[in-house]
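Reading the structure
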Amino acid sequence: AKEMKAGAVVFEPDEHVTTSSGLTVLGDLRRALEGGDELFLHYQPKYTLDGERIEGMEALLRWQHPTQGLIPPGDFIPAAEGTGIILRLTEHVLDLALAQLRLWLDAGRAVPVAVNLSTRCLLDAGLPDLVERLLTGHGVPAALLRLEVTESAVMGDAARCMEVLQRLHDLGVKLSIDDFGTGYSSMAYLRRLPVDELKIDRSFVLGMTTTAHDAVLVRTAIDLGHNLGLTVVAEGVEEQAHVTLLRELGCDVAQGYHFARPMGAEQMTELLVATGT
Ligand code: C2E
Ligand code: CA
Ligand code: CA
Ligand code: CA
């Protein structure tokens with residue numbers, strides 16, 4: 001188990017969490033974390049809406065299970081989040097992402113990479129040191145790493161999360177609020193967070209060209225983000241109509257199937273080369 005500072009919440013490890021298919025998720029995940037290449041990352045590019053240049057990418061975890069096949073993150077991350085395994089998983093993801101980023105840097109392609117952080121990690125006072133150690137170890141400038149956190153994560157234990165976020169921010173790492181609109185953050189609260197970017201949840205983006213309510217929400221989120229000096233990203237952009245409306249609303253960046261699906265590192269390298277990124 002990971003060493004934790006006094007006062008940290010200790011979650012009961014549960015070896016018996018299973019998926020509907022009966023897979024013992026946590027036992028298999030532990031094994032996968034010990035080595036091999038079952039766990040790997042896909043990368044999805046984010047595009048500026050004015051020029052459609054690649055301005056960064058998000059790393060998304062994939063698990064190629066030896067007998068169950070490809071397991072989507074939604075099927076094992078929630079189980080890992082209930083235990084200390086999520087900390088090791090996060091370290092592994094950061095390690096993979098930074099190693100890949102180093103390769104892209106060596107090839108002259110300095111493109112920011114975002115990694116998703118679970119709620120649980122923001123409660124770990126050791127996270128900023130871990131991030132710093134990995135950045136140094138891989139020789140990657142902090143400004144090229146982005147960390148995505150959900151608003152609900154931050155609302156859970158505000159004071160503790162705020163301290164961790166502030167220390168990450170002080171390292172020079174960029175922070176994003178993920179799935180914006182699905183939580184309960186107030187404007188006053190958002191203003192106090194040391195974040196640089198706001199990502200509008202894909203459910204609102206998906207509905208915005210057909211549902212007036214969603215369009216209002218997207219517009220409001222964009223204006224709010226801009227008033228707070230944040231870059232605003234729309235996720236789940238699937239159609240040209242989304243792009244057109246988002247552009248009209250002044251959204252800065254878009255990510256979604258309309259542009260590209262998440263892809264392996266090799267394919268991403270080809271895309272970076274082809275687009276001169
Ligand atoms: P998320 O952070 O909101 O990531 C975006 C999800 O939307 C990804 O699903 C991505 O493949 C999907 N997506 C991208 N564009 C589109 C689109 O145009 N339409 C639709 N319908 N979907 C789109 P994915 O890869 O299955 O990941 C699901 C969730 O799992 C992520 O949601 C994130 O919360 C979590 N996750 C993924 N990787 C990691 C990780 O390394 N660590 C942690 N803690 N969570 C992760
Ligand atoms: Ca995300
Ligand atoms: Ca998201
Ligand atoms: Ca989401």
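Because the structure is predicted, anything quoted here is derived from the model rather than measured.

Let us now look at the coordination of the calcium ion (ligand 3). Around the calcium ion (ligand 3), the protein contributes the donor atoms Asp178 (OD), Asp179 (OD), Glu235 (OE) and Glu235 (OE), which lie 2.2 to 2.5 Å from the metal centre. Going along the chain, you hit the donors of the calcium ion (ligand 3) in the pattern D-D-x55-E. Between the calcium ion (ligand 3) and the calcium ion (ligand 2), both coordinated by Asp178, there is a metal-metal distance of 3.8 Å. Residue Asp178 is found in strand β6 (residues 174-180), and its partner Glu235 is found in the loop between β8 (231-234) and α11 (240-248); the two are separated by 57 residues along the sequence. Accessibility classification places Asp178 together with Glu235 in one group, the buried group.

Along strand β1 (residues 39-48), nine of the 10 residues are buried, which leaves the element largely enclosed by surrounding structure. Here β1 hands over to strand β2 (residues 54-65) after five residues, with Glu52 in that stretch at a positive phi of 55 degrees. Across two bridges, β1 lies against strand β9 (residues 253-254) in antiparallel orientation. Considered in β9, the bridge of Tyr47 is made with Ala254.

Let us now look at the environment of Ala110. Among the structural elements, Ala110 can be located in the loop between α3 (85-106) and β4 (113-116). Linking Ala110 and Trp63, residues 47 residues apart in sequence, is a C-alpha distance of 27 Å.

Bringing the coordination of the calcium ion (ligand 4) into the picture now. Distances from the calcium ion (ligand 4) to its protein donors, namely Asp179 (OD) and Asp179 (OD), fall within the range 2.7 to 3.1 Å. Here the calcium ion (ligand 4) and the calcium ion (ligand 3) are spaced 3.5 Å apart, linked through Asp179, which binds each one.

A word on the site of ligand 1. Every one of the 20 residues lining ligand 1 counts as a neighbour, but Arg62, Ser118, Arg202, Glu238 and Tyr257 are closest to it. Between ligand 1 and Ser118, the relevant distance is 2.9 Å, taken from a nitrogen atom to a side-chain nitrogen or oxygen of the residue. In the complex, 82% of the free accessible area of ligand 1, which totals 810 Å², lies under the protein chains. Here the element with the most residues in the shell around ligand 1 is β2; it accounts for four residues. When its residues are assigned to classes, the shell around ligand 1 shows eight nonpolar, five polar and seven charged.

Turning next to the nonpolar core. Membership of the largest hydrophobic core comes to 85 residues, with the highest contact counts inside it found for Leu89, Leu127, Leu145, Leu147, Ile200 and Leu246. Counting residues per element, this core draws most heavily on α3, at 11 residues. With residues near it in sequence (within four places) discarded, Leu246 still touches Leu49, Met208, Val218, Ile222, Ala234, Val237 and Cys251.

Let's shift gears to unusual backbone geometry. Here Glu52, not a glycine, exhibits a phi torsion of approximately 55 degrees, which is positive. When you line up the elements, Glu52 lands in the loop between β1 and β2. Phi at Asp179 is positive, roughly 55 degrees, even though this residue is not glycine. For Asp179, the location among the structural elements is in strand β6. For Asp179, a relative accessible area of 23% gives the class partly exposed.

Burial runs high along β2: 11 of the 12 residues are buried. In this structure, β1 lies alongside β2, joined through nine bridges in antiparallel fashion. Each residue of the ladder has a partner; that of Lys46, found in β2, is Gly56. The pairing of β2 with β4 spans three bridges and is parallel. Each residue of the ladder has a partner; that of Glu58, found in β4, is Ala114. Bridge analysis of β2 against strand β3 (residues 69-71) gives three bridges, and the strand direction is antiparallel. Note that in β3 the partner of His65 across the bridge is Gly69.

So, on to the packing of aromatic side chains. Applying the stated rule across the entire model yields three aromatic pairs. Aromatic pair Tyr47 and Phe259: ring centres 4.8 Å apart, planes at 15 degrees, arrangement stacked. A residue pair is termed long-range when its members are at least 10 positions apart, and Tyr47 in strand β1 and Phe259 in the loop between β9 and α12 (265-274) qualify at 212 residues. Owing to a relative accessible area of 8%, Tyr47 belongs among the buried residues under this scheme. With relative accessibility at 17%, the residue Phe259 sits in the buried group. Across from the ring centre of Tyr257, 3.8 Å away, lies the NZ or CZ of Arg261, which sits over that ring.

Parameters at a glance
- Residues numbered from 1 in each chain as written.
- Chains lettered and ligands numbered in written order.
- Predicted model: local features only at pLDDT ≥ 70, side-chain atom pairs only at ≥ 80, totals over all residues.
- Heavy atoms only, no water.
- Donors = N, O, S within 2.8 Å, 3.2 Å for Na, K, Ca; no water.
- Helix = DSSP H or I, 4+ residues; strand = E, 2+ residues; numbered from the N terminus.
- Buried < 20%, exposed > 50% of the residue type's maximum accessible area, 1.4 Å probe, protein only.
- Pairing = 2+ DSSP bridges.
- Near = heavy atom within 4 Å.
- Polar contact = N/O pair within 3.5 Å; in protein donor to acceptor, adjacent residues only side chain to side chain.
- Areas by Shrake-Rupley, 256 points an atom, 1.4 Å probe, with all protein chains shown as cover.
- Nonpolar A, V, L, I, M, F, W, Y, C, P; charged D, E, K, R; others polar.
- Core = buried A, V, L, I, M, F, W, Y, C linked by side-chain atoms within 4.5 Å.
- Contact = heavy atoms within 4.5 Å.
- Phe/Tyr/Trp six-rings, centres within 6.5 Å; stacked < 30°, edge-to-face > 60°.
- Lys NZ or Arg CZ within 6 Å of the ring centre and 35° of its normal.

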